[in-house]
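Topology and contacts: notes
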Amino acid sequence: MQATLAAPVPGTVEHESERPGWFWLLLWCLFVLGVQPWSARVASPQGTTGSTNSMAKGLLLGAVFLVALAATKPGFRTRVNPASWIYVMYVLFACATAFLLAEPMGPLTRLARFLIGLVFVFLLWRPLVQVPERLVRAHLWAHLLLAATVVLSLAYSPSQAWRPLSSLGTGSRLQGVIIPMLPPRVGEVGAILLGLALIGLICRKLAVLPALTLIGLGGVLIAASRTRTSAAAVAFGLVIALIVTRKTWLGRFACLVVPGLLGLAFLTIGSLHDWLLRGQSSRQITSLSGRTTSWHAVVDEKVSTQTMIIGHGLGNKRVLLTRGEGDVDVMAIDNSWLGLYWETGLLAVAIVGLALIVAWVSVLRAPTPYVKACGALLLGYVTAASLNESGLSDLSSMTVHLLVAAAICDADRLRQRRRSAAH
């Protein structure tokens, strides 16, 4: 006797209608666009603050969130993975510390934006996250669209699209103009595009021609932006992705040897060596383009116990350095962990560090090789880039990579559990 499914009752969760896939894909692309740091320094190369258009990004993020909320039926189902729960704890902790500041409204506004971003990901559980391959595809499309805006910037304003390296070396670096993005962000877009496309090609999720096109586009963006951090981070992420998906020790060993030989060639071939140095002196290279100066200032500063625990306040990402005869310079803290410590203290470093560890556990436990490889690529990129870039204390592109990796791997494990229960 065959059982028949009863017709779903309108208004129940089972009757929750699925909107077209392109609708949720478009929302995710707009969300990723809204977390990019739109830099005012694109229009003014001599600017020193690197300020971002927070109002425009806030309006875009709010609009995307409201559209997603309106498109979600009451009583919707969702799942919050452990790493995302820990980030919710971080937001609540940072909110509590913000009230101890003299002017809490700035940090609270940033945290409200962060919380909206987290809830937005929770809203997308059924249409995108529940089937992890959909979210990976959406993330790939989002970075393809960002890459397209950078390419169009060359036709729109070629003079602004190339940023001179007068103070740090020789030559120029590609940046976004239509969507104001500095070269490091262009390099990040290219790195994620290249990495996801390469894994899609290896795992046969993408056809050969589209995959090679995306890989080539990503490589061109990395090379033209001359972003060493993105090149090193995506290489690290790809190596980790290959290692965690290889089943034999020989395969894992080969995953280490081959990239090592490629890295050796990179350092010895003349043109690649010139790209790596960017015309900088040995002093600039060893100081990581001056980053270590601000790092030493953060580590060496004597602070009170309260400041050590709760930090100087969210959004305070720069240090004031006194040089010579009282000259004062403002320098960014281009390190996510030192930035976390400076902004929200040691407790925040512990919370976000725990979120990263839990996300790695989710990646290692993911059963599907493709999903595991994509999660390892994104987390490997975040782990490496966080040492030379800021972002994990806020709703940034790096934080979104971490949340995506944790979400797809958790959903993959849950999917296998449901299949095992069904059998």
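About the cut-offs
- Residues numbered from 1 in each chain as written.
- Predicted model: local features only at pLDDT ≥ 70, side-chain atom pairs only at ≥ 80, totals over all residues.
- Heavy atoms only, no water.
- UniProt positions renumbered as here; feature names shortened; annotations may be inferred.
- Helix = DSSP H or I, 4+ residues; strand = E, 2+ residues; numbered from the N terminus.
- Buried < 20%, exposed > 50% of the residue type's maximum accessible area, 1.4 Å probe, protein only.
- Contact = heavy atoms within 4.5 Å.
- Areas by Shrake-Rupley, 256 points an atom, 1.4 Å probe, with all protein chains shown as cover.
- Salt bridge = Lys/Arg side-chain N within 4 Å of Asp/Glu carboxyl O.
- Axes fitted to C-alpha atoms, helices over the stretch in contact; angles between N-to-C directions.
- Parallel < 35°, antiparallel > 145°, perpendicular 65-115°, else oblique.
- Left-handed = near helix turned anticlockwise from the far one by under 90°.
- Nonpolar A, V, L, I, M, F, W, Y, C, P; charged D, E, K, R; others polar.
- Phe/Tyr/Trp six-rings, centres within 6.5 Å; stacked < 30°, edge-to-face > 60°.
- 1 Å grid on protein atoms, 1.4 Å probe; cavity = no way out; pocket = protein on both sides within 12 Å on 5 of 7 lines; lining within 4 Å.
- Points joined across faces, edges and corners; volume = space filled by probe spheres on them.
- Core = buried A, V, L, I, M, F, W, Y, C linked by side-chain atoms within 4.5 Å.
- pLDDT = per-residue confidence, 0-100.

Taking an unreviewed UniProt entry as the reference, the protein chain is identified by name as Membrane protein belonging to Kribbella karoonensis. Of the comments in the UniProt record for the protein chain, the one headed Subcellular location (unreviewed entry) reads "Membrane".

1. A few points about the overall build of the protein chain
In terms of helices and strands, the protein chain carries 18 helices and four strands. Going through the 423 residues of the protein chain one by one, you find that 49% of them count as buried. Put simply, 72% of the contacts in the protein chain that link residues at least 6 apart link residues at least 24 apart. With an accessible surface of roughly 20500 Å², the protein chain has 67% of that area assigned to carbon and sulfur atoms.

2. Observations concerning the pattern of salt bridges
One pass over the structure, following the stated rule, counts eight salt bridges. The partner of R79 in a salt bridge is D410, and the shortest N-O contact between them spans 2.6 Å. Placement of R79 in the loop between helix 2 (54-71) and helix 3 (82-98) and of D410 in helix 18 (residues 397-422) is noted, with a sequence separation of 331 residues between them. Take D410: its relative accessible area is 2%, and that puts it in the buried class.

3. Here's the deal with the side chain of E133
Inspection of the secondary structure assignment puts E133 in helix 6 (residues 132-156). Contacts of E133, omitting those with residues within four sequence positions, involve T368, Y370, V371 and R415.

4. Quick word on the packing of helix 8 (residues 183-202) against helix 18
At a minimum axis separation of 12 Å, helix 8 and helix 18 run at an interaxial angle of 20°. Relative to helix 18, helix 8 is oriented roughly parallel. In terms of crossing hand, the pair formed by helix 8 and helix 18 is left-handed. Taken together, the residues of helix 18 that come into contact with helix 8 (itself represented by R185, E188 and I192) are S397, M398 and H401. Broken down by class, the residue content of the contact of helix 8 with helix 18 amounts to two nonpolar, two polar and two charged.

5. Topic: the packing of aromatic side chains
Enumeration according to the criterion identifies eight aromatic pairs in this entry. Between the aromatic rings of Y87 and F114, the centroid separation amounts to 5.5 Å while the plane-to-plane angle is 50°, which identifies the pairing as tilted. Note that Y87 is positioned in helix 3 and F114 in helix 4 (residues 105-123), a separation of 27 residues in sequence. The pair Y87 / F114 is uniform in exposure class, with both members buried. These aromatic residues form a ring-pair network of at least three members: W22, F23 and W24.

6. A few points about the layout of surface pockets
One number sums up the size of the second largest pocket: a volume of about 220 Å³. As for the second largest pocket, its lining consists of E133, R137, L140, W141, L144, L196, G200, K205, L206, P210, L214 and Y370. Secondary structure elements with two or more residues in the lining of the second largest pocket: helix 6, helix 8 and helix 9 (208-225). Looking at which element gives the most residues to the lining of the second largest pocket, the answer is helix 6, with five residues. Of the residues in the lining of the second largest pocket, the class split is eight nonpolar, one polar and three charged.

7. What about the nonpolar core?
Counting residues in hydrophobic clusters, the biggest one holds 107 residues, and the most contacted among them are W28, F31, Y87, Y90, F120 and L392. Looking at this core element by element, the count peaks at 12 residues for helix 18. Filtering out sequence-adjacent residues up to four positions away, W28 remains in contact with F120, V121, L124, L128, L135, A138, H139, A142, V400 and V404.

8. Quick look at empty space enclosed by the protein
Under the criterion given, the structure shown has three cavities of 30 Å³ or more. Empty space within the largest cavity amounts to approximately 60 Å³. What lines the largest cavity is R79, N81, S84, V121, F122, W125, V129, A407 and D410. Each residue belonging to the lining of the largest cavity can be placed in one class, and the counts come to five nonpolar, two polar and two charged.

9. A few points about unusual backbone geometry
Positive phi values are uncommon outside glycine, yet R204 reaches one of about 60°. With respect to the helices and strands, the residue R204 is situated in the loop between helix 8 and helix 9. On the accessibility criterion, R204 (78% relative accessible area) is exposed. Residues other than glycine seldom take positive phi values, yet R226 does so here, at roughly 55°. Looking at where R226 falls in the secondary structure, it is placed in the loop between helix 9 and helix 10 (228-245).

10. Concerning the confidence of the model for the protein chain
When pLDDT is averaged along the protein chain, the result is 83, and 77% of the positions lie at 70 or above. Confidence, read as mean pLDDT per element, is least for strand 3 (residues 318-323) in the protein chain (56) and greatest for helix 17 (residues 369-385) (96). Contacts of residues 1-17 to residues separated by more than four positions or lying in other chains number 14 contacts, the stretch itself having pLDDT below 50. A low-confidence stretch, residues 322-328 (pLDDT under 50), is modelled with eight contacts involving residues beyond four sequence positions or located in other chains.

11. A short note on the environment of H296
Checked against the element boundaries, H296 lands in helix 14 (residues 291-300). For the pair H296 and L338, spaced 42 residues apart in the sequence, the C-alpha separation amounts to 10.0 Å.

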